[in-house]
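Fold and contact review
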Amino acid sequence: AQRVTQPEKLLSVFKGAPVELKCNYSYSGSPELFWYVQYSRQRLQLLLRHISRESIKGFTADLNKGETSFHLKKPFAQEEDSAMYYCALGQKTSGSRLTFGEGTQLTVNP
Amino acid sequence: DTAVSQTPKYLVTQMGNDKSIKCEQNLGHDTMYWYKQDSKKFLKIMFSYNNKELIINETVPNRFSPKSPDKAHLNLHINSLELGDSAVYFCASSQSGVGEQFFGPGTRLTVL
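Residues numbered from 1 in each chain as written. Chains lettered and ligands numbered in written order. Predicted model: local features only at pLDDT ≥ 70, side-chain atom pairs only at ≥ 80, totals over all residues. Heavy atoms only, no water.

1. What about the sheet that holds strand β3 (residues 19-25) of chain B?
All names here are of chain B. Threshold: For two strands to be treated as a pair, DSSP must find at least two bridges joining them. Counting from the N terminus, the helices are DSSP H or I runs at least four residues long and the strands are E runs at least two residues long. The axes are straight lines fitted to the C-alpha atoms, using for helices just the contacting stretch, and the angles between their N-to-C directions are given from 0 to 180°.
Taking strand neighbours across the sheet as the criterion, the four strands line up as β1-β3-β8-β7 in an open arrangement whose pairing is antiparallel. Each edge of the sheet is formed by a strand with only one pairing partner; in this case those strands are β1 (4-7) and β7 (64-70). This sheet shows a mean twist of 20 degrees between the axes of neighbouring strands, independent of strand direction. In this sheet, β3 lies alongside β1 in antiparallel orientation, the contact comprising four bridges. Its bridge partner lying in β3, S5 is registered against E24.

Following this line, the structure appears as structure tokens:
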């Protein structure tokens, strides 16, 4: 069965510090992975998807199939990065189902 | 020109009542979803419809009944509301075969 694990529920860093949000997955097929962000009381928005390999708002994520990980990184965190971050695993079968991790609340302190 | 919209944004009601939440998308997608986000911010899929056909039906009490009148709309009706139903409900849509989903603003349901 597919599963997404985000081991840190809360992560706090200072402005300008590097940040890494961890995500591990288990899936027997070929994974399609995403990072979604939810700013306070707003809708979820797509931040990154692994197949596009682009950098959004300074964030990057690399799919490591050997370690079954898709960690989200940013070299210099900004206060406006404070939000809830969800890692999600997509399955093209079963109606493009997304399985979400439990989320990591990132706080960037001034 | 909001892509995925939900009404109402807030819903406060008494236990035992019946309520509905509506969702509409104007992206031309063929798949729509309902998610529940609990107080711990855990996001769990409830239902998914593809071209008006139910394709995902997770373990959800049968007090919850989704209805899709057409591809652009997916409504959620909840009977006999319970305290534990209090949560934020998100609607989403996607094009089948493409993983990215677009989310609505959420409906914050509070059951008193």
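2. Some words on the sheet that holds strand β8 (residues 72-74) of chain A
Hydrogen bonds between backbone atoms are what pair the strands of a sheet, whose relative direction is either parallel or antiparallel. All names here are of chain A. With antiparallel pairing, the three strands of this open sheet are ordered in space as β3-β8-β7. Each edge of the open sheet is held by one strand with a lone partner, namely β3 (19-21) and β7 (60-61). With three bridges connecting them, β3 and β8 associate as antiparallel partners. Counted as the bridge partner of V19 is K74 from β8.

3. Considering the interface of chain A and chain B
Definition in use: The contact rule is simple, with two residues in contact once any of their heavy atoms fall within 4.5 Å. Put simply, buried area is the surface a 1.4 Å probe can reach on two separate parts but cannot reach once they are joined, added for both. Whenever a carboxyl oxygen of Asp or Glu lies within 4 Å of a side-chain nitrogen of Lys or Arg, that contact is scored as a salt bridge. Counted as a polar contact is a pair of N or O atoms within 3.5 Å, where, for protein atoms, one must be capable of donating a hydrogen and the other of accepting one, and residues adjacent in sequence contribute only when both atoms are in side chains.
Listed by partner, the interface residues are 21 residues for chain A and 28 residues for chain B. In total, chain A and chain B occlude about 1900 Å² of area from one another, counting both sides; carbon and sulfur atoms represent 52% of this. Connecting chain A to chain B are one salt bridge. The residue R49(A) makes a salt bridge to E100(B) at a minimum N-O spacing of 3.7 Å. At the junction of chain A and chain B, the tally comes to six residue pairs in polar contact (both at pLDDT 80 or more).

4. Brief notes about the state of the cysteines
Put simply, the rule is: Criterion for a disulfide: a pair of cysteine sulfur atoms at a distance within 2.5 Å. Buried residues are those whose accessible area, probed at 1.4 Å on protein chains only, stays under 20% of the maximum for their type, while exposed residues exceed 50% and partly exposed ones sit between those limits.
Counted by the stated rule, this structure contains two disulfides over all chains. Linked covalently through their sulfurs, C23(A) and C87(A) form a disulfide whose S-S length is 2.0 Å. Looking down the S-S bond of the C23(A) and C87(A) bridge, the torsion is -65 degrees, so its handedness is left-handed. Of the two residues, C23(A) sits in the loop between β3 and β4 (24-26) while C87(A) sits in strand β9 (residues 83-91), which places them 64 residues apart along the sequence. Side by side, C23(A) and C87(A) carry an identical accessibility label, which is buried. Between C23(B) and C91(B) runs a disulfide, and the two sulfur atoms are separated by 1.8 Å. Looking along the S-S bond of the C23(B)-C91(B) disulfide, the torsion reads about -75 degrees, which is the left-handed sense. Taken as a pair, C23(B) in strand β3 and C91(B) in strand β9 (residues 87-94) lie far apart in primary sequence, 68 residues in all. As far as burial versus exposure is concerned, C23(B) and C91(B) are alike and both buried.

5. Remarks on the packing of aromatic side chains
Which entries qualify depends on this criterion: Working definition: a ring pair exists when centres of Phe, Tyr or Trp rings (six-membered ring for Trp) sit within 6.5 Å. Plane angles under 30 degrees give stacked, over 60 give edge-to-face, the rest tilted.
A full pass over the atoms with the stated rule returns 11 aromatic pairs over all chains. Ring centres 5.6 Å apart and planes at 45 degrees place the aromatic pair F59(A) and Y85(A) in the tilted group. One end of the pair, F59(A), is in the loop between β6 (45-49) and β7; the other, Y85(A), is in strand β9, with 26 residues separating them in the sequence. By way of ring pairs, the aromatic residues F34(A), Y36(A), Y86(A), F100(A), Y33(B), Y35(B), F90(B) and F103(B) are connected into one cluster.

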